[in-house]
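Structural features, examined
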Amino acid sequence: MAKCKFADAFKEEREKSGIGKMDDQGDPVVMLLNHKDVRKAAHNYKAFSSEAVPGRIVVPSEVNIRTTRQIPFEVDPPMHKEYRSLLEAWFKRPLQDTYKEKLTTIIGTVLDDVLSKDKVDVVSDLALVIQSRALTLLLNVPFDKSVKWISWGTHVFRSEGEALDGDKAAILYNYIDEEIDNAIANPTDNLYSTLLAAEVNGKKLTKEEVKGVLILTFAGGRDTVINALTNMMSYFSANKKALDYIRSKPEIIKTAVEEFIRYFSPLTHMGRVVTEDTTVCEHAVKADSRISLCWASANRDEKVFENPDEVILERKVNPHVGFGFSHHNCLGATHARQIMRITLKLLAEKVSDITVLEAEENIENLGEFTRKVGYNSLKATFKKR
Amino acid sequence: MAKITFITSSNEKITVAATEGSVMELAVNNNVQGIDGDCGGVCSCATCHVFVAPEDVDKVGVASEIETDMLELADDANEYSRLCCQIPVTDAIDNVVFTVAK
């Protein structure tokens, strides 16, 4: 089914010049497209900084809709490491058996609900619900908090397409402010309270710093996880034998998940601000201009991946950058991987067939490129095993 | 059956044995601190970085190009670095010692 294809939008330009260019609200971006260039630039935080004006390294830029610095992702080393060390243990909790069991219950319940219906929208009835309910585990807050997050819809931080929407973003920011105030009044063992009690470099985190971590936790794992789950379902609609195959070989779930992350690349790219005049891929870039690390292009680089446009569920060596690379690699990756692995396991156990009926694709416009990143809606039928 | 020793950053020595799988899986299954193996062993995350004892380098073998590219960008990597998801457990690595990178 053509609707289930995810083409490589960057192939021609990656092979020809290694870079792409786009205008982002008057603040242009040079996109790095080769796997090697992307990884090297991601590692070189001195030349390519994340610590710009809050919102500027995100493409499209969010400078007009927020002033809070997202932590640790908009902080460079060495300070980055101080924050990251504080957060690492908390964000590794999805490796614990009790966490996995709770996540299995959450995802199993959503799948059972989907299987009881004739037709569902994978985005709003399945992926959004799993992402929101799973987030209660990551934050360690009561399950019913997810009701409100689900009501926000997929695009609470952005309007349809790419347009930034300050009013929508404000809903999230006000919500987080209120939750921080609640945690100050009544400390618990959730992420808000844990951060409010924490110290970095001998100093208590400020409310603004706590807010910066929470905004990132909400926003970073929202559309990315929703896209990854939805796109995986579309793959099974187009590849009818794949679920049976995974059921017969559950030991491939981990490699399959990494392959889906590579192939779909839920986050297309992330920007950096150039600190000194330099070159990328033999192209001059000026200080205070922006580059972006195009994970989606790097993940299809034929110099690194054999048959890059094919999904190979058992791809054994898969140095993808779907969760970013180097210092700033995705803090939520452990949680996201666990969601994907458990969903895949339960799908194989519970579902015999997924058939997509209607698809409305989510297409990103990136200067000279257009890239399908997922679906705004994906109507499908799910059959029980 | 290969007997393998890990030395963690807190200087704990853990010796375990296995007949199959990768050294990363062995470490994760035995809760060796500092080896996470987040990506499940596909050479994508570098959370299973170890140093091979110099006298064991011949037994363990050298890194592939993809592994070397990954290690090149690890701050604390040196000539004894390996990603242990890329090292299969076989009799050839019996009695080898790996020090976990920080």
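Cut-offs applied
Every chain is numbered on its own, with residues counted from 1 as its sequence reads. In the order they appear in the text, chains get letters beginning with A and ligands get numbers beginning with 1. Given that the model is predicted, a residue must reach a pLDDT of at least 70 before its local features are reported, and side-chain atom pairs must reach 80 or more before they are shown or counted; all residues, however, enter totals for whole chains, interfaces and linings. Side-chain figures throughout are based on the complete set of non-hydrogen atoms in the structure, without hydrogens or water. UniProt positions are given in the numbering used here, feature names are shortened, and annotations may be inferred rather than shown by experiment. Counting from the N terminus, the helices are DSSP H or I runs at least four residues long and the strands are E runs at least two residues long. We take the radius of gyration over the C-alpha atoms and set the globule estimate at 2.2 Å times the residue count to the 0.38 power. Three labels apply to residues, based on accessible area from a 1.4 Å probe with only protein chains included: buried if under 20% of the type maximum, exposed if over 50%, partly exposed otherwise in between. Using a 1.4 Å probe, accessible areas were evaluated by the Shrake-Rupley method; residue-level cover was limited to the displayed protein chains. Counting rule applied: Lys, Arg positive; Asp, Glu negative; His and chain ends not counted. We put the charge of a Lys on NZ, of an Arg on CZ, of an Asp on CG and of a Glu on CD. We call two residues in contact whenever any of their non-hydrogen atoms come within 4.5 Å of each other. Think of it this way: DSSP has to see at least two bridges between two strands before they count as a pair. When two parts are put together, the accessible area they lose, computed with a 1.4 Å probe and summed over both, is reported as buried area. Throughout this description, the term salt bridge denotes a Lys or Arg side-chain nitrogen within 4 Å of a carboxyl oxygen of Asp or Glu. The term polar contact refers here to a pair of N or O atoms within 3.5 Å; inside protein, the definition further demands a hydrogen-donor-capable atom paired with an acceptor-capable atom, and it admits residues adjacent in sequence only when both atoms are side-chain atoms. Where helices are involved, their axes are fitted lines through C-alpha atoms of the stretch in contact, as for all axes, and angles between N-to-C directions lie from 0 to 180°. Roughly parallel refers to an angle under 35 degrees, roughly antiparallel to one over 145, roughly perpendicular to one between 65 and 115, and oblique to any angle outside these ranges. When the near helix sits turned anticlockwise from the far one by under a right angle, the crossing is termed left-handed; a clockwise turn instead gives a right-handed crossing. Any residue outside Ala, Val, Leu, Ile, Met, Phe, Trp, Tyr, Cys, Pro, Asp, Glu, Lys and Arg is labelled polar, Gly included; the first ten of those are nonpolar and the last four are charged.

As annotated in an unreviewed UniProt entry, chain B carries the name Ferredoxin and comes from Cellulophaga lytica. Quoted verbatim from the Sequence similarities (unreviewed entry) field of the UniProt record, the comment on chain B reads "Belongs to the adrenodoxin/putidaredoxin family." In UniProt, chain B has this text filed under Cofactor (unreviewed entry): "[2Fe-2S] cluster".

Going by the annotation in an unreviewed UniProt entry, the name recorded for chain A is Linalool 8-monooxygenase, with Cellulophaga lytica given as the source organism.

**Description of the overall build of chain A**
A count of helices and strands for chain A gives 14 helices and twelve strands. Taking 385 residues into account, the globule formula puts the C-alpha radius of gyration at 21 Å, and chain A, at 20 Å, falls close to it. Expressed as lengths along the three principal axes of its C-alpha atoms, the size of chain A is roughly 60 × 60 × 35 Å. Looking at chain A residue by residue over its 385 residues, the buried ones come to 58%. Summed over all atoms, the accessible surface of chain A reaches about 15900 Å², with 51% contributed by carbon and sulfur. Of the charged side chains in chain A, 54 are positive and 56 negative, and the gap between their average positions amounts to 4 Å.

**Here's the deal with the overall build of chain B**
Scanning chain B from N- to C-terminus turns up three helices and five strands. Order of helices (α) and strands (β) in chain B, N terminus to C terminus: β-β-α-β-α-α-β-β. Its C-alpha atoms give chain B a radius of gyration of 12 Å, near enough to 13 Å, the size a compact globule of 102 residues would have. For chain B, the spread of C-alpha atoms along the three principal axes comes to 30 × 25 × 25 Å. Taking contacts inside chain B between residues at least 6 apart in sequence as the whole, the part at least 24 apart equals 63%. Surface exposure of chain B reaches about 4900 Å², of which carbon and sulfur atoms provide 46%. Taking the average location of the 5 positive side-chain charges in chain B and that of its 17 negative ones, the two points are 10 Å from each other.

**Thoughts on the pairing of strand β7 (residues 270–274) of chain A**
Residue and element names in this part refer to chain A. Counting buried residues along β7, five of its five residues qualify, which places the element largely inside the surrounding structure. Note: strand β3 (residues 48–49) against β7, two bridges, orientation antiparallel. By the bridge assignment, F48 is partnered in β7 with V274. Of the strand pairs in this sheet, β7 and strand β10 (residues 290–293) are connected by four bridges, and their pairing is antiparallel. Paired with V273 across the strands is R290, a residue of β10.

**Thoughts on the sheet that holds strand β2 (residues 29–32) of chain A**
All names here are of chain A. Reading across from one edge, β1-β2-β10-β7-β3 is the order of the five strands in this open sheet, with mixed pairing throughout. At either margin of the open sheet sits one strand with a lone partner, and together these are β1 (19–22) and β3. In this sheet, β10 lies alongside β2 in parallel orientation, the contact comprising four bridges. Bridging from a neighbouring strand, M31 pairs with S292 of β10.

**Regarding the environment of K211 of chain A**
The topology assignment puts K211 of chain A in helix α9 (residues 207–220). For K211 of chain A and M22 of chain A, which are 189 residues apart along the polypeptide, the C-alpha to C-alpha distance reads 31 Å.

**What to know about unusual backbone geometry**
Residue and element names in this part refer to chain A. Residues I71 and P72 are joined by a peptide bond in cis, for which omega reads 5 degrees. Mapped onto the elements, P72 comes out in the loop between β3 and α3 (79–91). Following P77, the chain continues to P78 via a peptide bond in cis, the omega torsion being 5 degrees. Within the element layout of this structure, P78 appears in the loop between β3 and α3. Residues other than glycine seldom take positive phi values, yet Q25 does so here, at roughly 50 degrees. Following the sequence through the fold, Q25 ends up in the loop between β1 and β2. According to the relative accessible area criterion, Q25 is partly exposed, its value standing at 46%. A positive phi angle is found at E282, which is not glycine, with a value near 60 degrees.

**Details of the interface of chain B and chain A**
With 15 residues of chain B at the interface, the matching set in chain A holds 20 residues. Of the roughly 1500 Å² buried between chain B and chain A on both sides combined, carbon and sulfur atoms contribute 53%. Our count for the chain B to chain A interface comes out at three salt bridges. The partner of D69 of chain B in a salt bridge is K36 of chain A, and the shortest N-O contact between them spans 4.0 Å. Applying the counting criterion to the chain B and chain A interface returns seven residue pairs in polar contact (both at pLDDT 80 or more).

**Digging into the pattern of salt bridges**
Residues and elements named next belong to chain A. Tallied over the entire structure, the rule returns 35 salt bridges over all chains. Here E314 ties to K249 by a salt bridge, and the two come within 2.8 Å at their closest N and O atoms. Taken together, the positions of E314 in the loop between α13 (295–298) and α14 (333–350) and K249 in the loop between α11 (242–248) and α12 (253–264) put the pair 65 residues apart, joining distant regions of the chain. Relative accessible area serves as the criterion here: at 26%, E314 is assigned to the partly exposed category. By relative accessible area, which is 26% here, K249 ends up partly exposed. Across the salt bridge formed by K303 and D301, the nearest N and O atoms sit 3.3 Å from each other.

**Structural notes on the packing of helix α10 (residues 223–238) of chain A against α14 of chain A**
When two helices pack together, their arrangement is captured by the angle between the axes and the distance separating the axes. All names here are of chain A. Two elements in contact, α10 and α14, have axes separated by 11 Å at closest approach and are oriented at 25 degrees. Comparing the axis directions of α10 and α14 gives the class roughly parallel. Between α10 and α14 lies a crossing whose hand is right-handed. Contacts between α10 and α14 involve V225, A228, L229, M232, M233 and F236 from the first element and A336, I339, M340, T343, L344 and L347 from the second. Taken together, the residues that form the contact of α10 with α14 break down as eleven nonpolar, one polar and no charged.

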